[in-house]
Amino acid sequence: MKKAVFPGSFDPITLGHVDIITRAIPLFDEIVIAIGVNAKKNYMFTIEQRMKFIQNTFFAHDKISVETYKGLTVDYCKQINADFILRGLRNPADFEFEKAIAQTNRKLSGIETIFLLTSAETSYISSSIVRDVMKNGGDASSLVPTSVIPKIDF
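Residues numbered from 1 in each chain as written. Predicted model: local features only at pLDDT ≥ 70, side-chain atom pairs only at ≥ 80, totals over all residues. Heavy atoms only, no water.

Novice: Hey, could you run me through helix 5 (residues 127–135) in this one?
Specialist: It helps to recall that an α-helix has 3.6 residues per turn; residues three or four apart then point in one direction. Among the residues making up helix 5, those that are buried are Ser127, Val130 and Met134. Down the axis of helix 5, the buried set is contained in an arc of 60 degrees. They therefore lie on one face. In this structure, the buried residues of helix 5 make contact with helix 1 (15–24). (Buried < 20%, exposed > 50% of the residue type's maximum accessible area, 1.4 Å probe, protein only. Helix = DSSP H or I, 4+ residues; strand = E, 2+ residues; numbered from the N terminus. Arc of directions from axis to C-beta. Contact = heavy atoms within 4.5 Å.)

Novice: Explanation requested: the pairing of strand 1 (residues 3–8) in the structure shown.
Specialist: Regular strands show a simple pattern: their side chains alternate between the two faces of the sheet. Burial of strand 1 is extensive: five of the six residues sit out of reach of the surface. Relative to strand 2 (residues 30–36), strand 1 is paired through six bridges, and the arrangement is parallel. Residue valine 5 lies in a different strand from strand 2, and its bridge partner there is valine 32. Crossover handedness for the path strand 1 to helix 1 to strand 2: right-handed. Both strand 1 and strand 4 (residues 84–89) contribute to a ladder of two bridges, which runs parallel. Across the sheet, residue alanine 4 finds its bridge partner in strand 4, namely phenylalanine 84. (Pairing = 2+ DSSP bridges. Right-handed = clockwise from strand over helix to strand, strands pointing away.)

Novice: Where do I start with unusual backbone geometry in this structure?
Specialist: Glycine aside, residues mostly have negative phi angles, and peptide bonds mostly take the trans form. Of the consecutive residues aspartate 11 and proline 12, the connecting peptide bond is found in the cis state with omega at 0 degrees. With respect to the helices and strands, proline 12 occurs in the loop between strand 1 and helix 1.

Novice: Whenever I open this one, the pattern of salt bridges confuses me. Can you help?
Specialist: Side chains that differ in sign of charge can pair as their charged atoms come close. According to the stated counting rule, one finds seven salt bridges in the structure shown. Salt-bridge contacts for arginine 90 lead to aspartate 94; the nearest nitrogen and oxygen are separated by 2.9 Å. (Salt bridge = Lys/Arg side-chain N within 4 Å of Asp/Glu carboxyl O.)

Novice: When you look at the packing of aromatic side chains in this model, what are you seeing that I'm missing?
Specialist: Describing an aromatic ring pair means giving the distance of the ring centres and the angle of the ring planes. Taken as a whole and assessed by the stated rule, the structure comprises four aromatic pairs. Ring plane angle 55 degrees and centroid distance 5.6 Å describe the contact between phenylalanine 6 and phenylalanine 10, whose orientation is recorded as tilted. Assessed through its relative accessible area of 3%, phenylalanine 6 is described here as buried. Accessibility expressed as a relative area gives 2% for phenylalanine 10, which makes it buried. Ring centres of tyrosine 69 and tyrosine 76 lie 4.9 Å apart, and the angle between their planes is 20 degrees; on these two criteria the pair is classed as stacked. (Phe/Tyr/Trp six-rings, centres within 6.5 Å; stacked < 30°, edge-to-face > 60°.)

Novice: Please clarify how the side chain of arginine 50 should be interpreted in this entry.
Specialist: Along the chain, arginine 50 turns up in helix 2 (residues 47–57). No salt bridge is formed by the buried arginine 50, whose closest oppositely charged neighbour, aspartate 11, lies at an N-O distance of 4.2 Å. Among the polar contacts made by the side chain of arginine 50, one reaches the main-chain carbonyl oxygen of phenylalanine 45 at a distance of 3.1 Å. Aside from chain neighbours lying at most four places away, what touches arginine 50 is Ser9, Phe10, Asp11, Ile35, Gly36, Tyr43 and Phe45. (Lys, Arg positive; Asp, Glu negative; His and termini not counted. Polar contact = N/O pair within 3.5 Å; in protein donor to acceptor, adjacent residues only side chain to side chain.)

Next up, the structure:
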């Protein structure tokens, strides 16, 4: 069984994330969307909200589950018997950053990282840009799945 972990903070999930996950579904038997918990980070949305956004976005896909985890991603992968980490790449800077992490993860654990390039339509979207749009009263509906929009309350 090919199980992949797609880690992130998903604060909030964006259409870029959805693009990567949707295109990865045929590649794996199971994809665990793993929301990393970092007590030092100041999130816009609660962990419960972020989980609901993702669950509501992928409710029709039985290959996808949503979990939370603390600590190293490779340790979490070992804990749930996942052999792959799934990551999206938007640009060359993402590649350089993610390459170093992937090489370290493989050295520490043998777990392979699979990279998918984001589509041209979503390559400019990041959660930090989405949060900035939302915080300033902008319309983020073209940047996030519909599961996120009704939850915004400013």
